[in-house]
Amino acid sequence: MAKKRRAESEVGVAEKKEEAVEGLVNGETKREKSKREKSKREKKEIPTVTIALPGSIIDNTQSYELATRLAGQIARAATIFRIDEVVVFDNKSGAEDDSSVTTAEDADGNESGSQFLIRILKYLETPQYLRRALFPMHNSLRYVGLLPPLDAPHHLRKHEWGPYREGVTLKVEDSNFVGTLVDVGLNKNIFVDQKLEPGIRVTVAMGTNRCLETDSFRKVVPSSTPREEVGSYWGYKVRYAPNISSVFKDCPYEGGYDHKVGTSEHGLVVNSSEHTIPTFRHLLIAFGGLAGLEESIEEDSNLKGKDAREVFDSYLNTCPHQGSRTIRTEEAIFISLQYFQEPISRAVSGI
């Protein structure tokens, strides 16, 4: 009886060894391969949310300080509600269509409202330790020190360690050096395994080795990786559009925005709990200026004769019982993004 049990035990051990040997396919066990394939199946495209607003809201401010504070409010709203892209548009006609902001400034170095807003939004989204390297001194930045920080997940402090950090590439005198030196806001610069031009912002996978004394190479990854791999919000991109039609036409996402929402006091009134947003890949929420989205559509020759309800899939009034006769754009952004939280959550989860 004992011999039989011993024999069965030996057979079991042999079978396990055989399974282990057979499981080593391309350097991974069957379990690891199964886990990798499951992860690949589960990994799907993460939906994005874009907000669009007119640069003309800056032109209505009475001073540089107030303009800066307004821009800071928009940056805070975009970060709090995890916005992926902010589009700043002008009210130029289709004939003046130009995908870039003019660099012309007046004699005092002042910019247009759109230029100013874009500069502040980009500056605030950038981690503090990279700003000096990426943003030269400019007249428009004179009051940014008054603004509260965004404190986004990628704005790490010196004492904080994370799986990813934003960095800026540095110039290395040795032309034979294989990689690139990068400042990631720690006590010591790190090396990455690519040869890159100096002055470029990069996202670096820091790995698990926290020792900076070694010259081990880290890896540069796409800026979307932190969100895709660990679910961290990693800031917003900023884009300029010369008119409202260019907001849609120049969408950087493949297939464009598959659901477009306009906000206006003339829009349809629906409770947030009852509003349904269809499952989307890329959602756009647009806000108007002093005269609303209607003016932006009317002044765009590419949309001539079109009603706002024809331009957007949904045209909503997100604050129907307002006490003030006017709701400022920066206020409307906070109100509307809170309104859309529940509908977006249901759309993303497929409920």
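Residues numbered from 1 in each chain as written. Predicted model: local features only at pLDDT ≥ 70, side-chain atom pairs only at ≥ 80, totals over all residues. Heavy atoms only, no water.

Student: What is the right way to read the packing of aromatic side chains from this model?
Tutor: One pair of aromatic rings is described through two measures. These are the centre distance and the angle between the planes. For the structure on display, the rule yields eight aromatic pairs. For the ring pair tyrosine 123 and phenylalanine 135, a centre distance of 5.3 Å and an interplane angle of 75° mean the geometry is edge-to-face. Taken together, the positions of tyrosine 123 in helix α5 (residues 113–125) and phenylalanine 135 in the loop between α6 (128–134) and β3 (164–169) put the pair 12 residues apart, joining distant regions of the chain. For the residue pair tyrosine 123 and phenylalanine 135, the accessibility class agrees, reading buried in each case. Consider the rings of tyrosine 339 and phenylalanine 340, whose centres lie 5.0 Å apart with planes at 90°: the pair is edge-to-face. The pair formed by tyrosine 339 and phenylalanine 340 is uniform in burial state, with each residue classed as buried. By the ring-pair criterion, three or more aromatic residues cluster together here, those being Phe248, Phe312 and Tyr315. A cation over a ring is seen here: lysine 260 above phenylalanine 248, with NZ or CZ 5.7 Å from the ring centre. (Phe/Tyr/Trp six-rings, centres within 6.5 Å; stacked < 30°, edge-to-face > 60°. Helix = DSSP H or I, 4+ residues; strand = E, 2+ residues; numbered from the N terminus. Buried < 20%, exposed > 50% of the residue type's maximum accessible area, 1.4 Å probe, protein only. Lys NZ or Arg CZ within 6 Å of the ring centre and 35° of its normal.)

Student: Just to check I follow, could you spell out the environment of glutamate 160 for this structure?
Tutor: Mapped onto the elements, glutamate 160 comes out in the loop between α6 and β3. As a C-alpha pair, glutamate 160 and glycine 185 span 25 residues in sequence and 9.8 Å in three-dimensional space. Contacts of glutamate 160, omitting those with residues within four sequence positions, involve His155, Arg165 and Leu186. (Contact = heavy atoms within 4.5 Å.)

Student: Even after reading the chapter, I still don't get the pattern of salt bridges, so can you show me in this structure?
Tutor: Pairing between side chains of opposite charge can happen when the charged atoms of each approach one another. All chains considered together, the criterion is met by 11 salt bridges. The closest approach of N and O atoms between glutamate 65 and arginine 69, which form a salt bridge, is 3.3 Å. In this pair, glutamate 65 and arginine 69 both sit in helix α4 (residues 64–80), four residues apart, roughly one turn of the helix. Judged by its relative accessible area of 30%, glutamate 65 falls in the partly exposed class. Taking relative accessible area as the criterion, arginine 69 reaches 37% and is therefore assigned partly exposed. (Salt bridge = Lys/Arg side-chain N within 4 Å of Asp/Glu carboxyl O.)

Student: Is there a simple way to explain α5 in this structure?
Tutor: In an α-helix, one full turn covers 3.6 residues, which means residues spaced three or four apart are oriented alike. The end-to-end C-alpha separation of α5 is 18 Å, in line with the 18 Å expected for 13 residues at 1.5 Å each. In terms of burial, α5 is largely enclosed, as 11 of its 13 residues are buried. Every buried residue of α5 is listed here: Gly113, Ser114, Gln115, Phe116, Leu117, Ile118, Ile120, Leu121, Tyr123, Leu124 and Glu125. (Expected span 1.5 Å × (residues − 1).)

Student: What is the right way to look at the side chain of serine 245 in this model?
Tutor: For serine 245, the position within the fold is in helix α8 (residues 244–249). One polar contact links serine 245 to asparagine 243, side chain to side chain, over a distance of 3.0 Å. Among residues more than four places away in sequence, those in contact with serine 245 are Asp300, Asn302 and Leu303. (Polar contact = N/O pair within 3.5 Å; in protein donor to acceptor, adjacent residues only side chain to side chain.)

Student: Whenever I open this one, the sheet that holds strand β6 (residues 201–205) confuses me. Can you help?
Tutor: Working definition: the strands of a sheet are paired by backbone hydrogen bonds and lie parallel or antiparallel to each other. Strand order around the closed barrel formed by five strands is β3-β4-β5-β7-β6, with mixed pairing between neighbours. With strand direction ignored, the average angle separating the axes of adjacent strands in the sheet is 55°. Where β3 and β6 come together, five bridges link them in antiparallel fashion. By the bridge assignment, arginine 165 is partnered in β6 with valine 204. (Pairing = 2+ DSSP bridges. Axes fitted to C-alpha atoms, helices over the stretch in contact; angles between N-to-C directions.)

Student: Just to check I follow, could you spell out the side chain of glutamate 111 for this structure?
Tutor: Take glutamate 111: it is sitting in the loop between β2 (85–89) and α5. Owing to a relative accessible area of 14%, glutamate 111 belongs among the buried residues under this scheme. At a separation of 2.7 Å, a polar atom in the side chain of glutamate 111 contacts the side chain of arginine 119. At 2.6 Å, the side chain of glutamate 111 and the side chain of serine 140 are in polar contact.

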